[in-house]
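Letter by letter, the chains look like this.
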Amino acid sequence: MTDASVPSDPHATPAAASPEAIGHNLDSVRGRIAAACRRVGRDPGEVRLLPVSKTVSEERIRMAYAAGCRYLGENKVQEALRKHDALPELDDLKWSIIGHLQTNKAKHVARFASEFQALDSLRVAEALDRRLEAEGRTLDVFVQVNSSGEASKFGLAPADVPDFVRELPNYPRLRVLGLMTLALFSSDTERVRACFVRMRELRERLRDAAVGGVSVEGLSMGMSGDYEVAIEEGATVVRVGQSIFGARSLPDSYYWPADDPRT
Ligand SMILES: *Cc1c(COP(=O)(O)O)cnc(C)c1O
């Protein structure tokens with residue numbers, strides 16, 4: 001148990017290669033989530049931990065399943081689909097796509113994913129809705145917001161979010177749960193925190209405007225390096241990979257736009 005307000009270094013987490021090791025890391029992240037909640041008087045039950053399994057092999061995903069994971073986040077649709085199709089025996093394992101989606105890949109997401117966290121265009125909303133209808137499915141979605149103002153980041157500018165959310169009732173197969181963001185990648189915690197505060201304030205504004213009857217109460221924000229700060233500012237979903245599975249060997253530039261300042 002820790003009450004350190006400085007997050008652990010995700011790049012220092014060794015690869016977890018047994019159900020016990022993954023379970024140990026899950027417990028440690030849950031402990032930190034609970035401690036962050038206590039610091040600000042929140043109920044840990046309000047925060048969902050979404051383990052992120054990008055680059056993690058099918059073999060280690062089976063171990064995560066044995067350790068109790070029933071929901072996994074993946075940044076790339078092709079990688080998620082390959083794993084989904086390779087693990088038919090884990091039929092109650094749900095997949096959340098947390099990375100940018102091209103319209104032509106919407107059909108894959110509609111087929112197998114339970115959640116999509118990076119919605120930032122109406123073209124994608126339209127393509128998903130149409131495909132979901134054909135599949136007889138629905139999809140939980142978060143609207144991705146660019147809270148850092150970096151040109152390289154995907155997501156809507158905060159000022160564009162209210163009008164965007166107002167259009168979403170036109171896509172009845174999408175169940176809108178909230179807003180998602182990647183904060184600034186920086187070791188300056190207060191600049192990172194400012195991104196999360198911006199998200200919380202944006203949610204308040206949407207609430208006041210009761211935009212189109214759509215509820216955007218959820219805030220998916222925080223990853224291995226910054227989830228505790230995100231929780232202090234109101235995160236309801238944290239997306240944590242490296243602190244559960246171990247440091248990734250693939251550079252982050254494989255998953256984020258190339259001019260990401262951290263890469
Ligand atoms: C990889 C990823 C995460 C998790 O990052 P970690 O450093 O592994 O915790 C969170 N969100 C998105 C969108 C990601 O692609």
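Residues numbered from 1 in each chain as written. Predicted model: local features only at pLDDT ≥ 70, side-chain atom pairs only at ≥ 80, totals over all residues. Heavy atoms only, no water.

### So, the environment of Arg-48
Let me state the cut-off plainly: The helix count covers DSSP runs of H or I at least four residues long, the strand count covers runs of E at least two residues long, and both are numbered beginning at the N terminus. Note on contacts: a residue pair is in contact if any heavy atoms of the two residues lie within 4.5 Å.
Its location among the elements puts Arg-48 in strand S1 (residues 48-51). Residues Arg-48 and Arg-239, 191 residues apart in the sequence, show an inter-C-alpha distance of 8.7 Å. For Arg-48, the residues in contact, after removing those within four places along its chain, are Tyr-71, Glu-115, Gln-117, Phe-142, Thr-236, Val-237 and Val-238.

### Quick notes on the site of the ligand
Heads up, the rule is: Working definition: residue near molecule or strand if any one of its non-hydrogen atoms lies within 4 Å of it. Polar contacts, as counted here, are pairs of nitrogen or oxygen atoms within 3.5 Å of one another; within protein the pair requires one atom able to donate a hydrogen and one able to accept it, and residues that are adjacent in sequence qualify only if both atoms are side-chain atoms. Here the Shrake-Rupley method, with its probe set to 1.4 Å, supplies the accessible areas, and only the displayed protein chains count as covering residues. Ten residues, namely Ala, Val, Leu, Ile, Met, Phe, Trp, Tyr, Cys and Pro, are considered nonpolar, four, namely Asp, Glu, Lys and Arg, are considered charged, and the remaining ones, Gly among them, are considered polar.
Taken together, 12 residues sit near the ligand, with Lys-54, Asn-75, Ser-224, Gln-242 and Arg-248 positioned nearest. Between the ligand and the protein, one listed contact pairs an oxygen atom with a side-chain N or O atom of Asn-75 at 2.7 Å. Within the contact set of the ligand, an oxygen atom lies 2.8 Å away from a backbone nitrogen or oxygen of Gln-242. For the ligand, the accessible surface in isolation is 380 Å², of which the surrounding protein chains cover 99%. Class assignment for the residues of the shell around the ligand results in 5 nonpolar, 4 polar and 3 charged.

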